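Structure at a glance
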Amino acid sequence: MAASSTSPSRWRTSTSEATLSPTSTAPFPSLDPGNPPNLFAFCLSASSRPFPPFDLFLMFPVAWRLSLSYRWRGSRPRCGCSASSCLLITNSSGSTLELDLEHYVVPAPSSIAGALYAANLAETPRSLLGTGDFSKIDASTGGSYGTSRAGDCSNSCKDMDAVVSDPCKLLSVPGFDSKSVGTFSPVPKQESQKGLFVDRGVGSPRLIKSAGAGIFTFDRKLDCETKKGMPAAAGAVAAAAIADQMLGPKEDSRLAIVLVGLPARGKTFTAAKLTRYLRWLGHETKHFNVGKYRRLKLGTNQTADFFRGDNPEGMEARNEVAALAMDDMISWMQEGGQVGIFDATNSTKSRRNMLMKMAEGKCKIIFLETICNDAHVIERNIRLKIQQSPDYAEEPDFEAGMQDFKERLANYEKVYEPVEEGSYVKMIDMASGQGGQIQVNNIGGYLPGRIVFFLVNTHLTPRPILLTRHGESRDNVRGRIGGDAVLSEAGELYSKKLAEFVEKKLKSERTASIWTSTLQRTILTASPIVGFPKIQWRALEEINAGVCDGMTYEEIKKNMPEEYESRKKDKLRYRYPRGESYLDVIQRLEPVLIELERQRAPVVIISHQAVLRALYAYFADRPLQEIPHIEVPLHTIIEIQMGVTGVQEKRYKLMD
């Protein structure tokens, strides 16, 4: 092989490995800075080993200009090629990215709502449409999910026990003992058998403890239709739900979060974010926006005068749509819903007293008041409101819309009465990102406590979160699940490309951090990234495959056919013997999610497929049942942009 600027005798090729190797262990000849070579050409014959097309690394003297370091295997630089063609090597290589990162952008799923007006994503009012069902309408596509039809729940639901669910057909696995998946749901009592139902997980029989006996018995029967309607929760969530139902008042099992605050204070943003969080944890949660009810019943042409406190017709009309929304929310709760978020100004004591009277004996109310004294934040929110709200969609003059909304705001300010009654949480200046405070009064129980903890850690500071799987591992190549394998050669190449991507993307964000699991394939993927702190989380490790760790799916199908079929029927709740289910993964990821919400700087998460599916589902507000099927390909970066306009997504594919 010949080089244009060096003696041909200095190099030889190894056709068995398709590598370039020097004829001696001496380093590369030193450069004359005044006359550096600019171009080398090599003709390589086909190798007996396949290599990725970009696996020819920079290894020539021009590297001193780019401050690149060499990686050596023994006495040879690590360099390979997979084609018998003539390649030109310049001062860029296969591991170097294009200058413009937009070159790598690929279409992203349309699941993230992006900058859509959050109120449009709230529940569609069935009391106004006469459809008799609740659904979440995607304003961009018109699709819906999470529909719960009136009448699906039997009247016998009034007299229920606690249940933790699994798929319809339970298969026992001798010798394997699983912890409870932890899904809480009502099931009708039987006259001969009353007590606490506990499911030991997919693959294990359901245990039943009689109320009057101290022993457990096995039961493999559970109505399939009943199980389809069961909310999905796990671990501590289910345990707390059972305890709350057994020890607390009946209405405490249903929780209404009633927003309070002046317009442009971030109520709808907070409601949408809290809804997304509770759904992700497995709580049946819906967002009811009174403004959406008003627009459907009365239209979008109300001026600021409609919202005056001395306008009796306007007051009556607004109270009427608020009562309709509250009726819908309570009806949904009586059909099995757990948490309803009631989104409106609710700015007077008389309005709040009306809501408390309607909820009496049916659900527990917690008022969530948002207070903002930052004029800059309020002005920003008003502008976003004019740009996105359907109330001003037909207003061609932006300034006229601004003036009308400010008059509406002034009308609310004249009659506003801060919350002082009942159970409440006050968020004061939390949106500005400069501290703020939270006041809590008469709050108790597991779920209200989790809600407060979540709200304490949320803010509106814009920042990107980058999600990516580790580079391809040797177990990926072999099709084996779990394990702790090192990277393949393609995976090593991706780690270099990822490092360059992070450097270009976050070059001005030196407060960013890199999060990995404790498994070496994620640590090795992050190793070329320099200049950022790296944090290892055990919570970010891949789903635990238990006794199936290191097996291929074909081996599981052959040797453990019952386990294979159980997983195939319900990937969300299926727990590997002595391993984990997706619901278990969600529960251990909650501290990671809370910390992500708390962070104000960019975060790069290098983790595993199941973990990233669960995290992505939170940001995209995807139903739990879809989590095991979300596509998270190798060597692709998912950029989640968080900020005041909501969550937006962009994907970059660095290599095939």
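Preceding block: the structure.
Let me sum up the structure you'll find in this document. (Residues numbered from 1 in each chain as written. Predicted model: local features only at pLDDT ≥ 70, side-chain atom pairs only at ≥ 80, totals over all residues. Heavy atoms only, no water.)

**Examining the environment of Thr-303**
- Assignment of secondary structure puts Thr-303 in the loop between helix H6 (290-298) and helix H7 (312-334).
- Sequence-wise, Thr-303 and Glu-407 are 104 residues apart; in three dimensions their C-alpha atoms are separated by 9.1 Å. (Helix = DSSP H or I, 4+ residues; strand = E, 2+ residues; numbered from the N terminus.)

**Observations regarding the pairing of strand E18 (residues 364-371)**
- For E18, a buried count of 6 out of 8 residues is recorded, marking the element as mostly surrounded by other parts of the structure.
- Bridge count between strand E15 (residues 255-260) and E18: 6 bridges; the pairing is parallel. Within the sheet, the bridge partner assigned to Ile-257 lies in E18 and is Ile-366.
- Relative to strand E19 (residues 423-428), E18 runs parallel, the two being bridged by 6 bridges. Bridge pairing in E19 places Ile-371 opposite Ile-428. (Buried < 20%, exposed > 50% of the residue type's maximum accessible area, 1.4 Å probe, protein only. Pairing = 2+ DSSP bridges.)

**Some remarks on the packing of aromatic side chains**
- Enumeration according to the criterion identifies 10 aromatic pairs in this entry.
- With a centroid separation of 6.0 Å and an interplanar angle of 55°, the aromatic rings of Phe-288 and Trp-332 are classed as tilted. Of this pair, Phe-288 sits in strand E16 (residues 285-289) while Trp-332 sits in helix H7, and the two are 44 residues apart along the sequence. This pair shows no difference in class: Phe-288 is buried, exactly as Trp-332 is.
- A network of ring pairs unites the aromatic residues Trp-280, Tyr-618 and Phe-619 as a single cluster.
- Over the face of the ring belonging to Tyr-424 we find Lys-426, whose NZ or CZ atom lies 5.4 Å from the ring centre. (Phe/Tyr/Trp six-rings, centres within 6.5 Å; stacked < 30°, edge-to-face > 60°. Lys NZ or Arg CZ within 6 Å of the ring centre and 35° of its normal.)

**A few points about the pattern of salt bridges**
- Across all of its chains, the model carries 27 salt bridges by this definition.
- A salt bridge links Asp-391 to Arg-294; its shortest N-O distance comes to 2.9 Å. Of this pair, Asp-391 sits in the loop between helix H9 (375-388) and helix H10 (398-415) while Arg-294 sits in helix H6; the two residues are 97 residues apart in sequence, bridging distant segments of the chain.
- For Arg-294, a relative accessible area of 7% translates into the label buried.
- For Arg-510, the salt bridge is made with Glu-503, and the minimal N-O distance between the two is 3.2 Å.
- Exposure remark for Arg-510: the relative accessible area of 42% places this residue in the partly exposed category. (Salt bridge = Lys/Arg side-chain N within 4 Å of Asp/Glu carboxyl O.)

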